[in-house]
Amino acid sequence: MRGHDWINTSLPDELILEIFRRLDAKLSRDACSLVCKRWLSLDRFSRSTLRIGASGNPDLFMKLLARRFHNVNSIDIDERLSVSVPVHLGRRRSGDQWTLTPIKFCSSIEKDAPDDDQYESYCLSDAGLSALGDGFPNLQRLSLIWCSNISSAGLTFIAHKCSFLKSLDLQGCYVGDQGLEAIGKHCRHLEDLNLRFCEGLTDVGLVELAQGCGKSLMSLGIAACARITDVALEAVGCHCKSLTSLSLDSEFIHNNGVLAVARGCPQLKVLKLQCINVTDEALIDVGNRCLSLEFLALYSFQRFTDKGLQAIGDGCKKLKNLTLSDCYFLSDKGLEGIARGCKELKHLEVNGCHNIGTLGLEAIGRSCLNLTELALLYCQRIGNHALVEVGRGCKFLQALHLVDCSSIEDDAICSIAEGCRNLKKIHIRRCYEIGNRGIVAVGKYCKSLTDLSLRFCDRVGDEALIAIGQGCSLQHLDVSGCSQVGDTGIIAIARGCPDLTHLEVTVLQNLGDMAMVELGEGCPLLKEIVLSHCRHITDVGLTHLAKNCVMLESCHMVYCPGISAAGVATIVSSCPNIKKVLVEKWKVSERTKRRAGSVISYLCVDL
């Protein structure tokens, strides 16, 4: 009945809250909260997560949030986001309502630039942590990313007030040992701790934390902490028996630390190491003792050989994910050891391991039949026959990444396409021996493909894209730098892939307005397009694109001489969802700046 509020008079709070919980998009929740005061109150009551960037006077901001959102148990604060429009917090006339009043922020090059004390007011301090602890005593997850103005005093207050804390991320925070000790003493339910780039910490703080909450700790990350050594890891191995995930990036960690964790944490499932002083001795112990290991990533190992990797293959039968990056002393023998022992392997990445060649990957193709993702980056010695074996054996492969693999040719791609028909993603970059024949095979056999990237593969042309358009329904396509691709290929994509949402066609000198017209007519779901350095695209083509692609959110069009200020204005005015336009500054008129200055980004910024 017109004029009657059936929802508010008939539905109880519990049912409206359940409806709110089932709304996935934040914008939908925000829109519902504006309907009436009751819905606003219920929405605030139902919110469990807050995500906050850098903001003006964040300490007062914490008090405001605490007063409005009472059931929040997860807070993410990330101060890597620049402070461009800080705010003042003041009271409304009604008394207990707070409002945010924008103020102008002066850049450091202006005459009236704020001094250091003013700038610090835009960073969360211990006072803000105090307000956070008082306002959210049931907090379970707290992330403080690059909050450089907090100290151990604020962290100690959090430890006292938020004893139910389970996850703590202190990346880039210069906190000391006293704060970490307090966390270990009072937060006995802590499960996840990230200490990346916490340069103020030493062994003392981590040892105290391990002794305090080691029984519950399950995940630990350490990077660039110069004063954390093997002593701290020995305490972790002694007290953290439930540890399942460890990430280490340190030149000050040696064998003793990794050995202590391997011997003391038998439930370890995830191990990521970038420790140049760790040798085969430690990896052999990991292989012998960490029998539940499922994820192993080894970065920049210079004292690690095939012996360590063979031990992993012999002992870690449950290994599913392996990343080898810049491990110069590994060869085919190490990868063959993995193939013999790790039959459940699903993800393999080999990056810059220059001594690994065709034989090692052939062994993977013959033995690891459950492989779903393969990434080969800067592998000059891996040839066609390796991917032929993968195509024969790995029928469940869904993603293939190739970067700078100069020995991979069309024969390899044809074998992969014919044998791995479940492929959904193919990313190839600077593989100059791959041309039309391989990609035509992909279009013929890989009907599930939705994501294709062929960056700077200059032997790929229109013939390949015609086959893709006829055989696949792409959502993402990147053919940047494929100099033989022109209007014909992109038109085939536009006619055959109506679900296309992301397109990159940078540096295509043969691409013109006809392709833009067809994209506008055939791809109404397009959200992002990158067409920089396309000399033959003009305002005419851009107008046709913008007319029909009303869902467009991002458009990059720098160094396109045929696009003028009129074309930029067309994109801004015709696409209601536009969020980012990257263009030269001189192509933006004053009217466009007034209308959509917040969505325009410039290639060059005046100093």
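Residues numbered from 1 in each chain as written. Predicted model: local features only at pLDDT ≥ 70, side-chain atom pairs only at ≥ 80, totals over all residues. Heavy atoms only, no water.

Per an unreviewed UniProt entry, the recorded name for the protein is F-box domain-containing protein, and the organism is Erythroxylum novogranatense.

### Quick word on unusual backbone geometry
The criterion, for reference: Secondary structure elements are defined from DSSP: runs of H or I of at least 4 residues count as helices, runs of E of at least 2 residues count as strands, and each element is numbered from the N terminus.
With phi around 55°, W146 is a residue other than glycine that occupies positive phi space. With respect to the helices and strands, W146 occurs in the loop between β5 (141-145) and α8 (152-161). Phi is positive for F197, close to 65°, though the residue is something other than glycine.

### So, a nonpolar patch on the surface
Defined as follows: Any residue with relative accessible area above 30% and no salt bridge may belong to a patch, with like charges joined within 9 Å and the nonpolar Val, Leu, Ile, Met, Phe, Trp and Tyr side chains within 5 Å. Per-residue and other accessible areas follow the Shrake-Rupley method at a 1.4 Å probe size, with only the shown protein chains counted as cover for residues. Whenever a carboxyl oxygen of Asp or Glu lies within 4 Å of a side-chain nitrogen of Lys or Arg, that contact is scored as a salt bridge.
A cluster of nonpolar side chains, contributed by Y432, F456 and V507, occupies part of the molecular surface with about 240 Å² of accessible area. On the secondary structure map, Y432 appears in the loop between β16 (425-429) and α19 (436-445).

### Section: the nonpolar core
To be explicit about the condition: Working definition of a nonpolar core: buried Ala, Val, Leu, Ile, Met, Phe, Trp, Tyr and Cys residues. They are joined through side-chain atoms within 4.5 Å. Burial here depends on accessible area, computed with a 1.4 Å probe over protein chains only, as a share of the maximum for the residue type. Under 20% is buried, over 50% is exposed, and the range in between is partly exposed. Whether two residues are in contact is decided by their heavy atoms: any pair within 4.5 Å suffices.
Within the largest apolar cluster, 179 residues are counted, with the highest numbers of intra-cluster contacts made by L402, L531 and M557. Beyond its immediate stretch of four places on either side in the chain, L402 contacts L376, L387, I408, I413, H427, I428, R429, C431 and I434.

### What about the packing of aromatic side chains?
Between two aromatic rings, the relevant description is the distance of the centres plus the angle of the planes. We count it as follows: Here a pair means two rings of Phe, Tyr or Trp (six-membered ring of Trp) with centres within 6.5 Å. Their orientation is stacked below 30 degrees between planes, edge-to-face above 60, and tilted elsewhere. A ring is scored as having a charge over it whenever the NZ atom of a lysine or the CZ atom of an arginine sits within 6 Å of its centre and within 35 degrees of its normal.
Within this structure, the stated rule accounts for two aromatic pairs. With a centroid separation of 5.3 Å and an interplanar angle of 65°, the aromatic rings of F301 and F304 are classed as edge-to-face. Given a relative accessible area of 0%, F301 falls into the buried group. Note that K585 overlies the ring of Y602, its terminal NZ or CZ placed 5.7 Å from the centroid.

### Describing the environment of Q267
Note that Q267 resides in the loop between α12 (255-264) and β10 (270-274). Distance from Q267 to L293, taken between C-alpha atoms, is 7.8 Å for residues 26 residues apart in sequence. Contact partners of Q267, with chain neighbours within four places excluded, come to K241, S242, L243 and T244.

### Focus: the environment of L508
Within the secondary structure, L508 sits in the loop between β19 (502-504) and α22 (513-522). L508 gets classed as buried once you look at its relative accessible area, which sits at 0%. Spatially, the C-alpha atom of L508 lies 5.5 Å from that of C534, the residues being 26 residues apart in sequence. Each residue touching L508, except ones within four places of it in the same chain, is listed here: V479, G481, C482, V485, H533 and C534.

### What to know about the packing of α22 against helix α23 (residues 539-548)
Each pair of packed helices can be described by the angle between their axes along with the distance between the axes. Worth spelling out the cut-off: Only the contacting stretch of a helix is used when fitting its axis, a line to C-alpha atoms as for every element, and angles between N-to-C directions run 0 to 180 degrees. Any angle from 65 to 115 degrees is called roughly perpendicular, while one under 35 is roughly parallel, one over 145 is roughly antiparallel, and all others are oblique. Note on residue classes: Ala, Val, Leu, Ile, Met, Phe, Trp, Tyr, Cys and Pro are nonpolar, Asp, Glu, Lys and Arg are charged, and everything else, Gly too, is polar.
At their nearest, the axes of α22 and α23 sit 7 Å apart, and the two run at 5° to each other. In terms of orientation, α22 and α23 fall into the roughly parallel class. Contacts between α22 and α23 involve D513, M516, V517, L519, G520 and E521 from the first element and V540, G541, H544, L545 and N548 from the second. Per-class residue counts for the contact of α22 with α23 are five nonpolar, four polar and two charged.

### Observations concerning the pairing of strand β22 (residues 580-583)
Let me state the cut-off plainly: Paired strands, in this sense, are two strands between which DSSP finds at least two bridges. The path from the first strand over the helix to the second decides the hand: if it runs clockwise while the strands point away from the viewer, the crossover is right-handed.
Sheet analysis places strand β21 (residues 554-556) next to β22, joined by three bridges and oriented parallel. Of the residues in β22, the one forming a bridge with S554 is K580. The parallel pair β21 and β22, bridged by helix α24 (residues 565-574), forms a crossover whose chirality is right-handed. Bridge count between β22 and strand β23 (residues 600-602): three bridges; the pairing is parallel.

### Some words on the packing of helix α14 (residues 306-315) against helix α15 (residues 332-341)
At their nearest, the axes of α14 and α15 sit 7 Å apart, and the two run at 5° to each other. One way to sum up the angle between α14 and α15 is to call them roughly parallel. Between α14 and α15, the contacting residues are D306, L309, Q310, I312 and G313 on the first element and K333, G334, L335, G337, I338, R340 and G341 on the second.

### Some remarks on the pattern of salt bridges
Here the structure, examined in full by the defined rule, presents 15 salt bridges. Linking R455 and D478 is a salt bridge whose minimum nitrogen-to-oxygen distance equals 2.9 Å. Taken together, the residues R455 in strand β17 (residues 451-455) and D478 in strand β18 (residues 476-478) connect sequence positions 23 residues apart. A relative accessible area of 9% means that D478 is categorised as buried. With its nearest N and O atoms 2.9 Å apart, the salt bridge here joins R495 to E518. Linking R495 in helix α21 (residues 487-496) with E518 in helix α22, this pair joins segments that are 23 residues apart in sequence. Look at R495 and you get exposed, because its relative accessible area is 62%. One continuous salt-bridge network, built from bridges that share partners, spans R263, D285 and R289.

### Looking at the side chain of D539
Rules: In the analysis that follows, any N or O atom pair within 3.5 Å is treated as a polar contact, provided that within protein one partner can donate a hydrogen and the other can accept it, and provided that, for residues neighboring in sequence, both atoms belong to side chains.
Within the secondary structure, D539 is located in helix α23. Here S564 takes part through its side chain, which lies 2.4 Å from a polar atom of the side chain of D539. Beyond its immediate stretch of four places on either side in the chain, D539 contacts G562, I563, S564, A566 and G567.

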